[in-house]
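If you want the building blocks of each chain, they are given just below.
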Amino acid sequence: MACSGLRGRRGFGPLAAVMLGFVLGLGGLPPLALAAGGDPVRATPQFEILPGPAPLQVSGRSFVDPSGRVILLRGINLAGDSKVPPFAPRIGPADLDRVAELGFNVIRLLIVWEAYEPSPGVYDEAYLTSVMTVAAEAARRGLYTIVDFHQDGFSRHASYGTGDGFPRWAVSPRGRPSTPNNGPLSSDWPLMMALDPTTHLSFADFYADTHGVRSRYLIMISRVASAFATIPGVIGYDLINEPWGDERRELAPLYRDANAVIRSVHPSAILFLEGHVKTNTGIQTRLPRPEFGPVAYAPHYYNPSTIVLRHWHGLTATMDLAFHHMTSTAEAWNCPLFVGEFGMDARVTGSGAYVEEVYDRLDAAFASGAHWNLTPGWTDHLKDGWNGEDFSILDPSGRIRPNYRPRPYPRATAGVPTRFAFDRGSSRFSESTVGYDWIHDPERGLTEVFVPRSVFPPGFPVEVRAADPAAVVSVWYDASSQRLQIQTDRPTAVSLRASSR
């Protein structure tokens, strides 16, 4: 809905104010071999198909919608307690309403192999339907979904009991399975993952398909993709979360074979590819450029010293280098950068300032990403419900915690983005400002910028200027969606500036 009293101006005239590191395969399986064991590839849960957001494609370094608008994805991971029994996500409509209200436009939704295939060839379709329900409800709210095949440290039965993901039957018989121990005292899980021989033996056997686990993994992801392909808004799949393994000899062939099976059931899917788990610390990946598409480079980033010291020191050199590595890989692949996980434990001193620094670098790179995480089942004792982690951005009442603050961003750009920056100011009494420059193409539709009301209260001033002095610029503010919408009557460079007062 257009705001009353707003009028477009020509050229550079101002517009009226509007309301507004961790330490540490061979070959591939032909897709036709997947059906040889008699396992049905397609899952058929009973599920209502609902409307959703427009589909996305990859065009060079960008995600684009059917109109050709550049879509910047800013999202949230759901959910920390989905890694452990009872596995089914405790995410309701009110939680997704809150996600949309905070301005996110994508969720990275965890699915756990142990929950779906507890025994070889035995599938829990009720679990799959519970995860699909979240994706369908997200689509109704205009949210995209990336399905994340999640694991940490291989399995709850590896990494000395502190992992998650793969079922117990997938653990290498050369190792010693552990009793699951994902309680609040397991905060040292990265060390347990790195030191457990069973974890590394299991990954080695998995990539070599020594006991058929890799084959079963491909069958599993094919079934999941076949089911999720029916839900509008599901744009793609993160093929394996934070994996171990040699990136060139083991991960790359897995991605190639996973691409083949997913494309056979969900041809339009975007594949989100991660490197070895150690790239989470900012180390450059050695993954080769994929020979298939569409893909996005989807690394994670956590500053290890901040996590270990439990204090953000404000030194950004390692973060700058990490983003240089991530953006250079996306440039080499000519694909979008989607930072699949970032965030910080809410108990870390300076966690909010740290997270702001990460978002600043996403903005500078015009990169997409998903914050880790929102756990609706968060409790003061269990925290996120897995290994004592406490990264959830909301408390049980829906209030924002210290490790997150809403931010503006250009959700959709009808044209070519050139520069985006947000400055929150040095204190809570300071003025916040946002600036966005782009080359507007009116044939692609409206440009939409999310401007959260918690930062930019009603009556905030905004100025939009067109480089072409003959251009007519029209601006609306939709208070319900908290979006500025901009259109011009001809192609032209446009600059937007807004402040919180």
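This text follows the structure it describes.
Residues numbered from 1 in each chain as written. Predicted model: local features only at pLDDT ≥ 70, side-chain atom pairs only at ≥ 80, totals over all residues. Heavy atoms only, no water.

S.K.: What's the story with the packing of helix α9 (residues 317-333) against helix α10 (residues 351-365) in this structure? I'm lost.
M.R.: To characterise two packed helices, one gives the angle between the axes of the helices and the distance between these axes. Remark: α9 packs on α10, axes separated minimally by 11 Å, with the N-to-C direction vectors making an angle of 35°. The interaxial crossing formed by α9 with α10 has right-handed handedness. Here Met319, Asp320, Phe323 and Thr327 of α9 lie close against α10, whose contacting residues are Tyr354, Glu357, Val358, Arg361, Leu362 and Ala365. (Axes fitted to C-alpha atoms, helices over the stretch in contact; angles between N-to-C directions. Helix = DSSP H or I, 4+ residues; strand = E, 2+ residues; numbered from the N terminus. Left-handed = near helix turned anticlockwise from the far one by under 90°. Contact = heavy atoms within 4.5 Å.)

S.K.: Explanation requested: the sheet that holds strand β7 (residues 234-238) in the structure shown.
M.R.: By definition, the strands of a sheet pair up through backbone hydrogen bonds, in either a parallel or an antiparallel sense. As summarised here, the arrangement of the 8 strands in space is β9-β8-β7-β6-β5-β4-β11-β10, forming an open sheet in which the pairing is parallel. Two strands close off the open sheet at either side, each with one partner strand: β9 (295-297) and β10 (338-339). (Pairing = 2+ DSSP bridges.)

S.K.: Can you walk me through the sheet that holds strand β19 (residues 492-499) in this structure?
M.R.: On the basis of which strands lie adjacent, the open sheet formed by 4 strands has the order β13-β14-β19-β16 and antiparallel pairing. Single-partner strands in this sheet number two, and they are β13 (415-423) and β16 (462-466). Going across the sheet, the axis of each strand differs from the next one's by a mean of 10°, ignoring polarity. By the bridge criterion, 5 bridges tie β16 to β19 in an arrangement that is antiparallel. Residue pairing for β19: Arg465 is matched across the bridge by Ser495.

S.K.: Explain the pattern of salt bridges to me, please; I cannot follow it from the model alone.
M.R.: Pairs can form between side chains of opposite charge whenever their charged atoms are close. Here the structure, examined in full by the defined rule, presents 38 salt bridges. Residues Arg108 and Glu341 are paired through a salt bridge, measuring 3.0 Å at the closest nitrogen-oxygen approach. With Arg108 in strand β5 (residues 106-111) and Glu341 in the loop between β10 and α10, this pair connects stretches of sequence that are 233 residues apart. Here Arg108 matches Glu341 in class, with each residue buried. (Salt bridge = Lys/Arg side-chain N within 4 Å of Asp/Glu carboxyl O. Buried < 20%, exposed > 50% of the residue type's maximum accessible area, 1.4 Å probe, protein only.)

S.K.: Explain the nonpolar core here, please?
M.R.: When a protein is soluble and globular, its nonpolar side chains tend to lie buried together. Ranked by internal contacts, the top residues of the largest apolar core, which has 96 residues, are Tyr217, Phe228 and Tyr237. Here this core gets 10 residues from one element, more than from any other, and that element is helix α6 (residues 213-228). Beyond its immediate stretch of four places on either side in the chain, Phe228 contacts Ile111, Leu128, Val131, Met132, Ala135, Val147, Val234 and Tyr237. Phe420, Trp438, Leu484 and Val494 belong to the second largest nonpolar core, which has 25 residues in total. (Core = buried A, V, L, I, M, F, W, Y, C linked by side-chain atoms within 4.5 Å.)

Geometry only, nothing functional implied.
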